[in-house]
Amino acid sequence: MSELVRSVRLIKRRRADVRPGVPIGLAGLLMQIEKNPADCHARELAVRSGLDPSTVSRAVASLVSHGLVERRVDPADKRASLLTVTPAGRAALTETYDWYGRVLDTALADWTPAEVAALAAALGRFTRDIETALGHHDNDNLEAAR
């Protein structure tokens, strides 16, 4: 487990050093907003990401201040905001996906297709088992594990 965490930290640190287009730690949330078929609410984003609403609110404020996300008043509920990725956010995501793809291609260049498939299957199972162990929708536990 410590090796997996170490690998993720190495990637995040390098990403922040060489490609600061998306603030460190916020690429995942920006990806979640982009994956939504329509504009989304911060509360939906908190549920989907497994993060505390206050954490999501601070992250969204940062994404907005960096010009990567736009917040608009929800016409159906004037108290709520709709979030959408801006063109600058889409460009930053495209560059982010490309960068991660290049890193993975380089890291896995000597792996066989069977080894890559085994890793993907094991990580998928690991994620599902962690979700089950934490009660799947237990935001407090997921936030604490962050």
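For the structure, check the block above.
Colleague: Sorry, what's going on with the environment of Arg 72 here?
Modeller: Topologically, Arg 72 is positioned in strand E1 (residues 69–74). Its relative accessible area of 32% is what places Arg 72 among the partly exposed residues. Considering only alpha carbons, one finds Arg 72 and His 41, 31 residues apart in sequence, at a separation of 9.9 Å. When neighbours within four sequence positions are excluded, Arg 72 is seen to be in contact with Asp 39, Ala 80, Ser 81, Leu 82 and Thr 84. One polar contact links Arg 72 to Glu 70, side chain to side chain, over a distance of 3.4 Å.

Colleague: Before we go on, may I ask you to explain helix H6 (residues 113–133) in this structure?
Modeller: Helical periodicity: at 3.6 residues per turn, an α-helix aligns residues three or four positions apart in one direction. Look at H6: 30 Å from first C-alpha to last across 21 residues, which is about the 30 Å you get at 1.5 Å a residue. Within two residues after H6, Gly 135 carries a phi angle of roughly 80°, on the positive side.

Colleague: Would you explain the pattern of salt bridges in this entry?
Modeller: Between side chains of opposite charge, pairing is possible as soon as their charged atoms come close. Per the counting criterion, the structure on display carries 3 salt bridges. One salt bridge in this structure joins Arg 79 and Asp 77, with 3.1 Å as the shortest N-O distance. A salt bridge links Asp 129 to Arg 125; the nearest nitrogen and oxygen atoms lie 3.5 Å apart. Residue Asp 129 and its partner Arg 125 are located together in helix H6, separated by 4 residues, close to a single helical turn. Here Asp 129 falls in the partly exposed class, since its relative accessible area comes to 42%. With relative accessibility at 55%, the residue Arg 125 sits in the exposed group.

Colleague: In this structure, what is going on with the packing of helix H3 (residues 42–49) against helix H4 (residues 53–65)? I would like to understand it.
Modeller: Helix-helix packing is characterised by the crossing angle of the two axes and by the distance between the axes. The geometry of H3 relative to H4 is characterised by a closest axis approach of 9 Å and an angle of 115° between their N-to-C directions. In this structure, H3 crosses over H4, and the sense of that crossing is right-handed. Across the interface between the two elements, Ala 42, Leu 45, Ala 46 and Ser 49 of H3 pack against Pro 53, Val 56 and Val 60 of H4. Class assignment of the residues belonging to the contact of H3 with H4 gives a composition of 6 nonpolar, 1 polar and no charged.

Colleague: Looking at this model, I keep getting lost on the nonpolar core. Mind explaining?
Modeller: Buried together is how nonpolar side chains tend to be arranged in soluble globular proteins. With 21 residues, the main nonpolar core has Val 22, Leu 30, Ile 33, Leu 45, Leu 63 and Leu 83 as its most contacted residues. Among the elements that make up this core, the one with the highest residue count is helix H2 (residues 27–35) (5 residues). Each residue touching Val 22, except ones within four places of it in the same chain, is listed here: Ala 27, Leu 30, Leu 68, Ala 92 and Thr 96.

Colleague: Can you help me understand a nonpolar patch on the surface in this one?
Modeller: A contiguous nonpolar surface patch, about 780 Å² in accessible area, is contributed by Met 1, Leu 4, Val 5, Val 8, Trp 111, Val 116, Leu 119, Leu 123, Phe 126 and Ile 130. Taken together, the elements giving at least two residues each to the nonpolar patch come down to helix H1 (2–18) and H6. At 5 residues, the largest contribution of residues to the nonpolar patch is made by H6. Structurally, Phe 126 is set in helix H6.

Colleague: Sorry if this is basic, but what is going on with a positive patch on the surface here?
Modeller: Side chains of Arg 6, Arg 9, Lys 12 and Arg 13 sit close together on the surface and give a patch of like positive charge. The topology assignment puts Arg 13 in helix H1.

Colleague: How do you make sense of the packing of aromatic side chains when you look at a structure like this?
Modeller: Both the distance between ring centres and the angle between the ring planes are used here to describe each pair of aromatic rings. Applying the stated criterion across every chain, the model contains 1 aromatic pair. Taken together, a centroid distance of 5.1 Å and an interplanar angle of 80° make the contact between Trp 99 and Tyr 100 edge-to-face.

The rules we used
Residues numbered from 1 in each chain as written. Predicted model: local features only at pLDDT ≥ 70, side-chain atom pairs only at ≥ 80, totals over all residues. Heavy atoms only, no water. Helix = DSSP H or I, 4+ residues; strand = E, 2+ residues; numbered from the N terminus. Buried < 20%, exposed > 50% of the residue type's maximum accessible area, 1.4 Å probe, protein only. Contact = heavy atoms within 4.5 Å. Polar contact = N/O pair within 3.5 Å; in protein donor to acceptor, adjacent residues only side chain to side chain. Expected span 1.5 Å × (residues − 1). Salt bridge = Lys/Arg side-chain N within 4 Å of Asp/Glu carboxyl O. Axes fitted to C-alpha atoms, helices over the stretch in contact; angles between N-to-C directions. Left-handed = near helix turned anticlockwise from the far one by under 90°. Nonpolar A, V, L, I, M, F, W, Y, C, P; charged D, E, K, R; others polar. Core = buried A, V, L, I, M, F, W, Y, C linked by side-chain atoms within 4.5 Å. Patch = residues over 30% accessible without salt bridge, like charges linked within 9 Å, V, L, I, M, F, W, Y side chains within 5 Å. Areas by Shrake-Rupley, 256 points an atom, 1.4 Å probe, with all protein chains shown as cover. Lys, Arg positive; Asp, Glu negative; His and termini not counted. Charge placed at Lys NZ, Arg CZ, Asp CG, Glu CD. Phe/Tyr/Trp six-rings, centres within 6.5 Å; stacked < 30°, edge-to-face > 60°.

Function cannot be inferred from these measures alone, as they are strictly geometric.
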